[in-house]
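Here's the letter readout for the chains.
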Amino acid sequence: MARFFSFFLFSLNLAFAHTQIPAEEGYFWYRGNTHTHAEYSDNSEINDVPMIARWYREAGYNFLLLSEHNNHLLARKIFCYDRLSRPKENFIMICGLELSMSRHITALGIDRFLSGEKSLQEAVNMTLASGGVPILNHPMDPVVTARKFIETEGLNHIEIVNGGRLTDTPASIALWDSVMSEPGGRIIYAVAADDNHYNRQRVGRGWIMVKAKSLTKSEIRESIRSGNFYPTTGVILDSYMAEKDSFHVISQNGDTIKFFGRYGKLLGTQAGKDASYRFRGDELYVRAEVSNRQGKTAWTQPVMVKGGTNQ
Ligand SMILES: [Zn+2]
Ligand SMILES: [Zn+2]
């Protein structure tokens with residue numbers, strides 16, 4: 001019996017690892033983590049990178065970015081772990097680094113090793129120039145102001161959930177709303193990530209679900225660049241979309257849906273797995289938070305409301 005049970009669990013695990021969750025019109029949802037560290041890069045000779053990749057694969061992730069601190073890799077210059085990808089099991093490694101010589105950002109999907117950045121703007125420029133997507137990490141540590149964020153050209157992604165700093169989430173969300181609401185602001189996409197430092201217990205504190213046509217490095221990178229993804233700590237969304245005059249959210253396991261607008265103003269609360277919000281026209285943008293009794297939350301990316309202005 002025990003043997004049968006462990007075989008059954010093993011089969012379940014494999015089945016989950018092979019999963020591609022269908023989305024609409026030929027798209028799938030892929031689960032991934034953009035912020036993880038291995039001991040190997042922390043000036044250590046212990047190469048635990050394959051083990052960490054296996055943890056995420058076995059937890060049902062489809063992609064992982066080992067975002068090592070670039071200042072710890074100046075000798076090794078590693079930024080890619082392609083050989084750990086298992087395409088037949090629907091699991092790939094995304095190339096990247098955590099640029100750490102100035103303000104920490106994840107450089108996602110870059111095509112070369114990067115170092116020597118002296119400012120946030122330089123880190124963003126270097127990431128973009130090497131084909132990557134820059135994500136501002138743990139925005140409360142140290143604090144980045146909304147003004148500084150807005151002035152940083154090409155920065156469009158913010159980590160609102162950091163597995164090592166979960167109590168920062170409300171302040172990070174307030175910053176996200178401010179960057180979109182202040183004069184000269186713009187739409188910003190939110191990310192959730194583990195910032196895992198070689199601890200299996202910390203797998204799954206926060207992740208993103210990316211909507212893409214297939215599981216390739218370029219499809220995942222470009223879907224993240226254009227905001228085709230959402231951050232979550234455990235609530236799964238089937239879809240969210242804006243129509244001409246309303247915004248619809250459908251979740252699998254949420255029970256409360258809140259809609260927010262300019263400066264994080266609460267626009268409405270609805271109970272249930274799915275909800276709709278009718279635009280009034282003066283919200284500037286609308287985004288939704290879907291939570292459940294288990295304390296898990298998913299955040300939709302914001303949609304601009306026609307006619308809104310933050311000038
Ligand atoms: Zn960091
Ligand atoms: Zn980190």
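Preceding this section is the structure that the text describes.
Residues numbered from 1 in each chain as written. Chains lettered and ligands numbered in written order. Predicted model: local features only at pLDDT ≥ 70, side-chain atom pairs only at ≥ 80, totals over all residues. Heavy atoms only, no water.

Asker: Help me understand empty space enclosed by the protein in this model?
Answerer: A water-sized probe, rolled over the atoms, reveals where empty space remains. As enumerated under the stated definition, the model contains 1 cavity of 30 Å³ or more in all. Its volume calculated, the largest cavity comes out at about 30 Å³. Lining the largest cavity, in full, are His138, Pro139, Glu159, Ile160, Val161, Asn162, Arg165, Asp168, Thr169 and Ser172. The dominant element in the lining of the largest cavity, judged by the number of residues it contributes, is strand β8 (residues 157–162), at 4 residues. (1 Å grid on protein atoms, 1.4 Å probe; cavity = no way out; pocket = protein on both sides within 12 Å on 5 of 7 lines; lining within 4 Å. Points joined across faces, edges and corners; volume = space filled by probe spheres on them. Helix = DSSP H or I, 4+ residues; strand = E, 2+ residues; numbered from the N terminus.)

Asker: Quick question: what am I supposed to make of the coordination of the zinc ion (ligand 2) here?
Answerer: Put simply, a metal with four donors set out as a tetrahedron has ideal angles of 109.5 degrees, and one with six donors set out as an octahedron has ideal angles of 90 or 180 degrees. Looking at the zinc ion (ligand 2), one finds its protein donor set to be His35 (NE2), His37 (NE2), Glu98 (OE) and Asp195 (OD), positioned 2.1 to 2.5 Å from the metal centre. For the zinc ion (ligand 2), the single-chain donor residues occur in sequence as H-x1-H-x60-E-x96-D. In this structure, the zinc ion (ligand 2) lies 3.4 Å from the zinc ion (ligand 1), and both are coordinated by Glu98. Taken together, the positions of His37 in strand β2 (residues 28–37) and Glu98 in strand β5 (residues 96–99) put the pair 61 residues apart, joining distant regions of the chain. (Donors = N, O, S within 2.8 Å, 3.2 Å for Na, K, Ca; no water.)

Asker: Is there a simple way to think about the state of the cysteines in this case?
Answerer: Among covalent bonds in proteins, the disulfide is the one between the sulfur atoms of two cysteines. The final tally for this structure, using the stated rule, is 1 disulfide. In this model, Cys80 is linked to Cys95 through a disulfide, with the two sulfur atoms separated by 1.7 Å. Here the residue Cys80 occupies a position in the loop between β3 (63–66) and β4 (92–94), and Cys95 occupies one in the loop between β4 and β5, the gap between them amounting to 15 residues. Overall, the relative accessible area of 22% leaves Cys80 in the partly exposed class. (Disulfide = S-S within 2.5 Å. Buried < 20%, exposed > 50% of the residue type's maximum accessible area, 1.4 Å probe, protein only.)

Geometric descriptors of this kind do not, in isolation, establish any biological role.
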